[in-house]
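Each chain, written out:
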Amino acid sequence: MEHHLLHICLQSLKDNNNPPSLQALASLRSLIINPNTSDSTIYSILETLTHSLQLSTNSLTTHHHILKLLTDLASQRTHLSSQILNSIHSSSLLFTESTQIAAESLTSLASFSNSDQNKIDDQLFMSLCFAATSASARLRLLRNGERLGIGTHMLFTVFLGFTKDPYPYVRKASLDGLLGLCKSCDLFEDISVTEGCYCRAVELLQDNEHSVRSAAIRVVCEWGQMLIAAKEGNDKIAQSNQVFVQICSMVRDMSVEVRVEAFNALGKIKLVSEDILLQTISKKVLAILKDKNSHGQCTAERFEILASSYAGAFMHGLEDEFHEVRKSACNSLRIHTILYAEFARRSLSLLMDMLNDDSMAVRLEALEALHHMATFDCLNVQEIHMHMFLGSLLDSCDLIRSTARKIFKLVKLPDLKLFRLSIHGLLQNLERYSKDEADVFSVLFFMGRSHGNFAAHIVKEVSQEIEPVLEGQLGLDSARVAAFLVLAISAPLSQNQNGQIIPPRLFSYAVTLLGRISCALSEVVDQDTLLAYLSQCSRSSTLGAEVEVESLLPVVDDVVLNRTKKDVNNPVEAPMLQTGNETSKVQPVTSCELEYLATSIVECQADELDEVMKSVNLILARVRDAWLLVQSRCTNVALRALRDCKRELAMLTSTSLESSGAMAFTLQYLQVMKLFAKIWEHAVWKIRSNETGGLEYLFGKLDMRLRELRYRYIGFSTEEELYVLELIAVACILRLSKVEISCSPTTMKKLSAIISHIEILNDKGSIEPSNILMDAKKTVHEIESSKAGISCSLFLITNLDDFFTLKQFSLCSRVRHINAELNVPGNDSENPLRFVSGLPVAIPLDITLYNVSSENRLWLTMRMSEESTQFVFLDLNILGGCNEVKKFTFMAPFYRTPKACSFSLWISIGMECALEDCHILKHCGGPRRDLVYLFQEKEVHLCLVRRG
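All residue numbers refer to positions counted from 1 along the written sequence of the respective chain. In view of the model being predicted, local features appear only for residues whose pLDDT reaches at least 70, and side-chain atom pairs are presented and counted only at 80 or more, with totals across whole chains, interfaces and linings using the full set of residues. To obtain the side-chain values, all non-hydrogen atoms of the structure were included, while hydrogens and water were left out.

Participant: How do you make sense of the packing of aromatic side chains when you look at a structure like this?
Facilitator: The geometry of two aromatic rings is summed up by the distance between their centres and the angle between their planes. For Phe, Tyr and Trp, where Trp contributes only its six-membered ring, two rings pair if their centres lie within 6.5 Å, and the inter-plane angle classes them as stacked under 30 degrees, edge-to-face over 60, or tilted in between. What the rule picks out here adds up to 18 aromatic pairs. Measuring from ring centre to ring centre gives 5.0 Å for Trp627 and Trp680, while their planes differ by 75°; the resulting arrangement is edge-to-face. Taken together, the residues span a long stretch of sequence, with Trp627 in helix 33 (residues 591-631) and Trp680 in helix 35 (residues 657-683) at a distance of 53 residues. Here Trp627 falls in the buried class, since its relative accessible area comes to 3%. Centroid distance Tyr669 to Tyr723: 6.0 Å. Interplanar angle 55°. Geometry classified as tilted. Within this pair, whereas Tyr669 is found in helix 35, its partner Tyr723 is found in helix 37 (residues 718-737), the two being separated by 54 residues in sequence. For the pair Tyr669 and Tyr723, a shared accessibility class is recorded, and that class is buried. In this description a helix means any DSSP run of H or I spanning at least four residues, a strand means any run of E spanning at least two, and both kinds are numbered starting from the N terminus. Whether a residue is buried, partly exposed or exposed follows from its accessible area with a 1.4 Å probe, protein chains only, as a fraction of its type maximum: under 20%, in between, or over 50%, in that order.

Have a look at this one:
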């Protein structure tokens, strides 16, 4: 049957007098896509289709169908794709007089995106573009130009030329092509080329077709930022203002799509003058602008026209009749509110008005903007705002209520009246939506901790509600009473609680609600620590010195992660099931119940991982916003934002190895970016350039953190690994750019190795290296080829703020954390180990390793002083192989026992940096490369054996 069908179809194709029928072509396609079709049949089809390409009698429709069949054949039988590609490339179709057929052929060539053979001559491409009389042919050619390997300069010429095409879709495709060329902006060294493209896009802002105007806005934004990057000093700000004002002129466009695109573009402009931003939220021309124009910069009439183009731009967006525009305006306004205090203050009223919007998406976007302001300590709430603000706590949408409560966690209220109104609003939220109890309790805890005096006043005012009612019974069924108790126990943890004493009996009352409260505060403190805190406070008459605040605020560090991993991986010998309330009897779990619990735990851990990854990626997105502040010379604000990110990370909880790894990586990343921000002040802004010793200390700390980031985490995707390597390369470049700090061959060799590794990873994927890496690669090559050796003067990279822009980074893969635990059982200062001076002593160690493979080289380091360190190699093959979690006991010999009555050893476990070939150590019997330590050093106490 297959051969009969093939024979009929092939005869139809070979008939030069009559074109093949659609039925015959459809039958051929059915044979091509059928995986059971024999190879002989496939080869016959390929031979016939290849022959048919050369026939000049075929119509345009026939050529179209034949090319489509060849493309389908290449996708189904990938081993034939190279042969099919050669047949299309060598056919006469590319040189035919019909540009429509040539365009179809090029489209088929472009579909082979993974092949290096789908490139055509630049001149041929240009001639086809300008010879094409059909708009559809020009459209195909423009869309596939980049995939056909056309040179960047040729593409720029073609795209810029076709922005004047009479057909709007061709003009749009040309603008989209110019937008794509922004990635290759380093190829355009002449700024006049950039200005020409920018000016042409500005002209097209007045195009009759809305899709062209939308594309023009994107080009103005991106190429405008290229112009901004090319400027320096005041010229940079002036250029940024010009691009911002130009886009503002489009916010009143007749098209909804254009208005949305305009506000999206406004949010991408990094820095704008304060007076212009203030004018965008006022429809009247402000006096400050009139004063600036009084120096005669332009005529009064011209000035009125210019100012009116952006006057009230954000107000028009927030008042737009379409919710998509209002949402985009809120998002763009959010980006700029953290730049200037006065602009944030005036924008606050506009955002508060948006909380009454009919669209849930707009209300949510407005709340996200307020949360962004609160995160950067720019939210100054006044009494006039409270009515709208508190109304969000009673919204019917769960997501809106949740976002509003997040703002209350961060907001700083100026007086007791506003604090009382906020507590009242949260209680109303609790009364109307009882399912929000845990989240409301958590917010009350954070608010009490931030406003200790106010919380103590409120507790004192409502003390009668909390006290026992008749017959000594507490009204614990009341969620309101429980809320006040949460507020009461949080007040002593405040840094500004002066002289206000919380009665100890309230902490006793809170113990009776331990289950409900600990569930609500699980993101901050575990139940055992909370119980210890409440018990201690209930016995104390004066709170302050006796309560250790930090014990309730665990930071996600190695200690917490180790405890989490231990809880997850240690099997429970006698599982117990609690039924009913907290006072119910605890009963043993049956085998069926245990199996059910195990399944539930796995499902819960999967859900938890998704939630943790979502929260972690939100924090990582905010790191990039903080870096923009660093580049705007607002380092202190950026550091405060990073500290807020760290506090939010500390609120996350983890019960699985995967989520623990993501959280540990994020904490390490925040520490790295904090060091980068501090170094940026020295190396780029020259703010503290005379503090050479401090800068060297920061560089050393950054190198250590980056090594840990590279070697203590596994499971990265290619994009994630490239991102980490680029950070290391940037650190090397910063160090080399400071001549007075270091220009050692080691740093240069390390940078060269990193760049080589990045090139290998780039060859495997389609990720382009950043501008700063391209520049560094060129400089390293010049230095290595120089006969005079390494010269620091060759590596003075200027305008680092323009070369390096932090990319948006998110974790997609399940990163695992290489970690370790070490314990010396029964050893402390009162129970030391015994030793004989001059003889080796064996130290028993309980070691637990997480995610360590047999390829890792681990060393036990035993340090008695900075100058005296002994290394012991841990051979994992001898010790029992490597699992995700590996536990064993090891007797570590220490040979250098001193002539002393007692001494202390500091023991840790380090892992060799396998790829650090540029820094070989010369320890006798120790590691050959630098170590990254898997946990903090453990102190071991030893005492001399006294002879009787």
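Participant: Looking at this model, I keep getting lost on the packing of helix 24 (residues 416-432) against helix 25 (residues 437-450). Mind explaining?
Facilitator: For any two helices packed against each other, the geometry is given by the interaxial angle and the distance between the axes. As a packed pair, helix 24 and helix 25 sit with axes 9 Å apart at the nearest point and diverge in direction by 165°. With respect to helix 25, the element helix 24 is oriented roughly antiparallel. As for the relative orientation of helix 24 and helix 25, their crossing is left-handed in sense. Here helix 24 contributes Phe419, Ser422, Ile423, Leu426, Asn429 and Leu430 to the contact with helix 25, which in turn contributes Glu437, Val440, Phe441, Val443, Leu444 and Met447. Polar here means any residue outside two lists: the nonpolar Ala, Val, Leu, Ile, Met, Phe, Trp, Tyr, Cys and Pro, and the charged Asp, Glu, Lys and Arg; Gly therefore counts as polar. The residue makeup of the contact of helix 24 with helix 25, split by class, is 9 nonpolar, 2 polar and 1 charged. Fitted lines through C-alpha atoms serve as axes, helices being fitted only where they are in contact, and the angles separating the N-to-C directions of these axes extend from 0 to 180 degrees. Between 65 and 115 degrees an angle is taken as roughly perpendicular, under 35 as roughly parallel, over 145 as roughly antiparallel, and anywhere else as oblique. For any pair of crossing helices, the crossing counts as left-handed if the nearer helix is rotated counterclockwise from the farther one by less than a right angle, and right-handed if it is rotated clockwise. In what follows, a contact means two residues having at least one pair of non-hydrogen atoms within 4.5 Å.

Participant: How should the state of the cysteines be read in this particular structure?
Facilitator: A disulfide bridge is the covalent bond that connects two cysteines by way of their sulfur atoms. We call a pair of cysteine sulfur atoms a disulfide when they lie within 2.5 Å. The final tally for this structure, using the stated rule, is 0 disulfides. Here Cys634 is not disulfide-linked; the sulfur of Cys378 is the nearest cysteine sulfur, at 9.8 Å. Here Cys901 is not disulfide-linked; the sulfur of Cys943 is the nearest cysteine sulfur, at 7.5 Å.

Participant: Even after reading the chapter, I still don't get a nonpolar patch on the surface, so can you show me in this structure?
Facilitator: Exposure above 30% relative accessible area and the lack of any salt bridge qualify a residue for a patch; like charges then connect within 9 Å, and the nonpolar side chains Val, Leu, Ile, Met, Phe, Trp and Tyr within 5 Å. The Shrake-Rupley method, run with a 1.4 Å probe sphere, supplies the accessible areas, and residue values consider only the shown protein chains as cover. The working definition used for a salt bridge is a side-chain nitrogen of Lys or Arg within 4 Å of a carboxyl oxygen of Asp or Glu. Together, Val836, Leu839 and Val945 line one region of the surface with nonpolar side chains, adding up to about 220 Å² of accessible area. Note on placement: Val945 falls in the segment after strand 13 (938-944). Of the residues examined, Val945 reaches a relative accessible area of 39% and is grouped as partly exposed.

Participant: Would you take a moment to explain the environment of Met386 for this structure?
Facilitator: Structurally, Met386 is set in helix 22 (residues 383-391). Overall, the relative accessible area of 3% leaves Met386 in the buried class. Between the C-alpha atoms of Met386 and Leu421, which are 35 residues apart in sequence, the distance is 7.7 Å. For Met386, the contacting residues outside a window of four places in its chain are Val381, Leu418, Leu421 and Ser422.

Participant: Help me out: how do you make sense of the side chain of Gln239 in this one?
Facilitator: Note that Gln239 resides in helix 13 (residues 234-248). Setting aside anything within four residues of it in sequence, one finds Gln239 in contact with Leu227, Ile228 and Lys231.

Participant: Just checking my understanding: could you explain the pattern of salt bridges for this structure?
Facilitator: If charged atoms from side chains of opposite charge come close, those side chains can pair. Using the criterion set out here, one finds 34 salt bridges in the structure. The salt bridge involving Glu222 is made with Lys268; its shortest N-O contact spans 4.0 Å. Placement of Glu222 in helix 12 (residues 210-230) and of Lys268 in the loop between helix 14 (256-266) and helix 15 (274-280) is noted, with a sequence separation of 46 residues between them. One salt-bridge network, in which partners are shared between bridges, spans Asp398, Arg401, Arg405, Lys435, Asp436 and Asp439.

Participant: Just to check I follow, could you spell out the sheet that holds strand 7 (residues 841-850) for this structure?
Facilitator: As a general point, the strands of a sheet are linked pairwise by backbone hydrogen bonds and lie either parallel or antiparallel. The pairing criterion for strands is at least two bridges between them, as found by DSSP. The strand order 5-7-10 describes an open sheet built from 3 strands, whose pairing is antiparallel. Edge positions in the sheet fall to strand 5 (819-823) and strand 10 (885-894), since each of these pairs with one other strand and no more. Each neighbouring strand pair of the sheet contributes to a mean axis angle of 25°, computed without reference to strand direction. Bridge count for strand 7 against strand 10 is 10 bridges, and the pairing is antiparallel. Bridge assignment links Tyr850 to a residue of strand 10, and that residue is Val885.

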